[in-house]
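The primary structure of each chain is shown beneath.
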Amino acid sequence: MINELLEVTEDVLKIENEVNQNQKEINSLERNYLDTVINIVRKGIKYEKIEKGNGKYYLDSEGKLIKGILLDKINCVDKNLGWYCKTEDRELYLLEDGTLKVFYVIWEWRQGDGSTLERTISKFQDVNQFDIDDIIISIENHLQDRLEELGERKKSQLARLEKLKQLQL
């Protein structure tokens, strides 16, 4: 009986080690893939300023607005008491410089008082907590939205140009 338990324990430890090694390799390959995707698309995306809360926005060390796009969100806490709601999330942003940043967000609403938002840079910056497939889909969606927006602008500009050219005749 003891020998069987020792053998099973050794098998468990061996497989657990293999699983941990596989996960490290998966994380590394996913991160490399994500970095490649970001390098390809980052200049084609329209970035927005990132709100801290209360109408204040993140600034870099030179005082310029930090811009990014929300790629994914993990809900941590939801409370809804009818007169009071609170949501706590972790958000992953792709910043204009191509880096990824995790934010911790608290949104509260009290009946009669309105709502408040507080977004802080998370101390836990592990991107692996987010699903890479969701991140890639989000990047594709942002890029597709940008393409559609630019297509509409171009169509409008061409119509305006045509109208102006006709007026010059």
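Just above sits the structure.
What you see is a predicted model; the values in this text were computed from it and never measured.

A. View of the overall build of the chain. Within the chain, the regular secondary structure consists of 2 helices and 7 strands. Taken from N to C terminus, the helices and strands of the chain fall in the order α-β-β-β-β-β-β-β-α. What you see for the chain is a C-alpha radius of gyration of 24 Å, clearly larger than the 15 Å of a compact globule of 169 residues, by over 25%. For the chain, the spread of C-alpha atoms along the principal axes amounts to about 100 × 45 × 35 Å. Classification of the 169 residues of the chain by burial places 23% in the buried group. Taking all contacts inside the chain whose residues are at least 6 apart in sequence as the whole, residues at least 24 apart take part in 47%.

B. Inspection of helix α2 (residues 132-168) at higher detail. Its 37 residues place the ends of α2 54 Å apart at the C-alpha level, agreeing with the 54 Å of an ideal helix rising 1.5 Å per residue. Within the span of α2, buried status applies to Ile-132, Ile-135, Ile-136, Ser-138 and Ile-139. Two or three places before Asp-133, at the opening of α2, Asp-131 has a side-chain oxygen 2.9 Å from that residue's backbone nitrogen.

C. Expanded view of the packing of aromatic side chains. Counted by the stated rule, this structure contains 2 aromatic pairs. Seen from their ring centres, Tyr-58 and Phe-103 are 5.3 Å apart, and the 55° between their planes marks the pair as tilted. Separated by 45 residues along the polypeptide, Tyr-58 in the loop between β3 (56-57) and β4 (67-80) and Phe-103 in strand β6 (residues 100-110) bring together distant segments of the chain. Among the aromatic residues, ring-to-ring pairing joins Tyr-58, Tyr-93 and Phe-103 into one connected group. Lying over the aromatic face of Tyr-57, Lys-49 brings its terminal NZ or CZ to 4.6 Å of the ring centre.

D. Region of interest: the state of the cysteines. Following the criterion strictly, the structure yields 0 disulfides and no others. For Cys-76, which is in no disulfide, the shortest distance to another cysteine sulfur is to Cys-85 and amounts to 17 Å.

E. Structural view of the nonpolar core. Counting residues in each nonpolar core, the largest one holds 18 residues, and the members touching the most others are Leu-34, Leu-71, Leu-92, Leu-94, Leu-100, Ile-135 and Ile-139. Elements represented by at least two residues in this core include exactly α1 (2-41), β4, β5 (84-95), β6 and α2. Excluding anything up to four places from it in sequence, Leu-92 contacts Ile-69, Leu-70, Leu-71, Asp-72, Leu-100, Lys-101, Val-102, Val-127, Phe-130 and Ile-135. Listed in part, the 5 residues of the second largest apolar core include Ile-50, Tyr-58, Leu-95 and Phe-103.

F. Expanded view of the side chain of Ser-138. Along the polypeptide, Ser-138 turns up in helix α2. Among the polar contacts made by the side chain of Ser-138, one reaches the main-chain carbonyl oxygen of Leu-71 at a distance of 3.0 Å. Residues in contact with Ser-138, not counting those within four places in the same chain, are Leu-70 and Leu-71.

G. The environment of Ile-38, seen in detail. If you trace the backbone, Ile-38 turns up in helix α1. We classify Ile-38 as buried; its relative accessible area is 2%. For Ile-38 and Leu-100, which are 62 residues apart along the polypeptide, the C-alpha to C-alpha distance reads 9.5 Å. With sequence-adjacent residues up to four places away left out, Ile-38 is seen in contact with Leu-94, Gly-98, Leu-100 and Ile-139.

H. Spotlight on unusual backbone geometry. One non-glycine residue, Asn-54, adopts positive backbone phi at about 55°. Considering the arrangement of structural elements, one finds Asn-54 in the loop between β2 (51-53) and β3.

Rules used in this analysis
Residues numbered from 1 in each chain as written. Predicted model: local features only at pLDDT ≥ 70, side-chain atom pairs only at ≥ 80, totals over all residues. Heavy atoms only, no water. Helix = DSSP H or I, 4+ residues; strand = E, 2+ residues; numbered from the N terminus. Rg over C-alpha atoms; globule rule 2.2 N^0.38 Å. Buried < 20%, exposed > 50% of the residue type's maximum accessible area, 1.4 Å probe, protein only. Contact = heavy atoms within 4.5 Å. Expected span 1.5 Å × (residues − 1). Polar contact = N/O pair within 3.5 Å; in protein donor to acceptor, adjacent residues only side chain to side chain. Phe/Tyr/Trp six-rings, centres within 6.5 Å; stacked < 30°, edge-to-face > 60°. Lys NZ or Arg CZ within 6 Å of the ring centre and 35° of its normal. Disulfide = S-S within 2.5 Å. Core = buried A, V, L, I, M, F, W, Y, C linked by side-chain atoms within 4.5 Å.

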